[in-house]
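# Fold and contact review
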Amino acid sequence: MRAIFVNHCHPDEPHICAVRLREFARVMAGRGHQIILLTETLSDDDPGITSEVLAARLASHEWSQPFSLDIAPFGHRMLSQARRGKLLKAVRRALLSIYYLRYGGVHRDWQEGALRCLPVLAKNFRPDVVWATFGNATSWQIARDISRTCGCPWVADLKDHWQSFIPAVLRRHLASRYGNAAAFTAFSDDHVATIGEWFRRPASVVYSGIDPALYPASVSPTQTITLTGAVYERADLMVLMEGIEAAVTEMEATDRQTVRFCYAGHDADVVREQVAGLEKLITVDIREQQPLGAWLEVLSGAAINCYVKSSRTFHHKIFDLAGAGRPVLTVPRETDEAYRIAALAGVTLAGAETAEEIAALVKASLLSDDPGLPVDRAALSWERRAETLDEILQSVVGNG
């Protein structure tokens, strides 16, 4: 199968937005498919791959790996300024609304760059299918362009909620543009519900995965309490920190000496504001976003791994934390879907609403000497998840 995957984020972008399609492209190529991963360029000054060189590079590519087709934005200078907030607020809103209504998205400059390469893709690659993920609507717009030019079906993937990124007055109108997708895939059950609400179409869940090779083969257990990722609700963070501080306070001073609290993520400054009391009791280690491999080593040796759950979305981090094989604590309680995912790996997932509940769970984990069951990382791997994606794309090609 020859497939083009479309994602706005470049595969080298150090952000979660790049992970899903980058990893599925890698695994699908390993399954013997020819995969092009079409993204925007990593930086503004990168010229990307132009139509003039595309045919030659396709001809020489070793297809055991995905072909990274990074497209530089072309033209539409004011649009770029509007996205960056460099125009007056009223002008910015008006301009972005015009682009949504006329072009279906606010990255028309990226779409213009991609349009220049489509004749080459139609002649020299001849895709069987396009799979595009919604991080912004232009990814789907480009998928539709490829579908029309190359005469192949396209499949819409929803990894971010439609209502979280599209202005309210435009949601229904824009959704009508993308209802002609051959099929829909979704990041979670919650995203399936979003597709049903806005696109009135059924969808298949294609979970993201983990790379078992990134986890340490063996790790020494530590008395570490971790917190990962965005905070979302400060009130929930405050409750979590109150519970952790209460758990540590109840311990003997000698037992506290080896305990540490470690955070990694974009909300480092927010977390720092909440640890003044904890710093008087134990070692506190606050980090910015970490390379995944390094952070997985911390998670794999922790006594308990925590995160603040958003009420607005399903968390990819549940896969990474479950893969670490240590108890996971969320504030507030997670969905039943998240509990099922943790169970796939044999990991304990607990939810808490109050500081007292948190304190009890944290203290029990710190005092426990139970190594737990061996974690089944293969059950959460990208390779296992790709089996579902492969079946869906093959069925669309077969019905095309």
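Keep in mind that what you see is a predicted model, and the values were worked out from it rather than measured.

This part takes up helix 1 (residues 19-30). Counted at 1.5 Å a residue, the expected span for helix 1 with its twelve residues is 16 Å, and the 16 Å between its end C-alpha atoms agrees. What helix 1 keeps buried is the set Val-19, Arg-20, Leu-21, Glu-23, Phe-24, Ala-25, Val-27, Met-28 and Ala-29. Two residues or fewer after helix 1 comes Gly-32, characterised by a positive phi angle close to 100°.

With that settled, consider the pattern of salt bridges. All chains considered together, the criterion is met by 17 salt bridges. A salt bridge links Asp-390 to Arg-31, with the shortest nitrogen-to-oxygen separation between them at 2.8 Å. Here Arg-31 lies in the loop between helix 1 and strand 2 (34-40) and Asp-390 lies in helix 19 (residues 382-399), a separation of 359 residues in the sequence. The exposure class of Asp-390 is buried, given its relative accessible area of 8%. For Glu-250, the salt bridge identified is with Lys-363, shortest N-O distance 3.5 Å. Taken together, the residues Glu-250 in the loop between helix 11 (234-249) and helix 12 (253-256) and Lys-363 in helix 18 (residues 355-367) connect sequence positions 113 residues apart.

Strand pairing in a sheet relies on backbone hydrogen bonds, with the paired strands running either antiparallel or parallel. Taking strand neighbours across the sheet as the criterion, the seven strands line up as 3-2-1-4-5-6-7 in an open arrangement whose pairing is parallel. Pairing within the sheet leaves two strands with one partner each, and these edge strands are strand 3 (67-71) and strand 7 (204-205). Contacts between helix 7 (residues 137-150) and the sheet are confined to strand 1 (2-6), strand 2, strand 4 (129-134), strand 5 (154-158) and strand 6 (183-186), with strand 4 contributing the most and set at about 170° to the helix.

Attention now goes to the packing of helix 16 (residues 317-324) against helix 17 (residues 336-345). Interaxial distance between helix 16 and helix 17 falls to 9 Å at its minimum, and their mutual angle equals 30°. For the element pair helix 16 / helix 17, the angle class is roughly parallel. For the pair helix 16 and helix 17, the crossing hand works out as right-handed. In this structure, helix 16 uses Ile-318, Phe-319 and Ala-322 to contact helix 17, whose residues at the interface are Ala-338, Ile-341, Ala-342 and Ala-345. Each residue belonging to the contact of helix 16 with helix 17 can be placed in one class, and the counts come to seven nonpolar, no polar and no charged.

Criteria and thresholds
Residues numbered from 1 in each chain as written. Predicted model: local features only at pLDDT ≥ 70, side-chain atom pairs only at ≥ 80, totals over all residues. Heavy atoms only, no water. Helix = DSSP H or I, 4+ residues; strand = E, 2+ residues; numbered from the N terminus. Expected span 1.5 Å × (residues − 1). Buried < 20%, exposed > 50% of the residue type's maximum accessible area, 1.4 Å probe, protein only. Salt bridge = Lys/Arg side-chain N within 4 Å of Asp/Glu carboxyl O. Pairing = 2+ DSSP bridges. Contact = heavy atoms within 4.5 Å. Axes fitted to C-alpha atoms, helices over the stretch in contact; angles between N-to-C directions. Parallel < 35°, antiparallel > 145°, perpendicular 65-115°, else oblique. Left-handed = near helix turned anticlockwise from the far one by under 90°. Nonpolar A, V, L, I, M, F, W, Y, C, P; charged D, E, K, R; others polar.

Remember, this is a structural readout, not a statement about activity or role.
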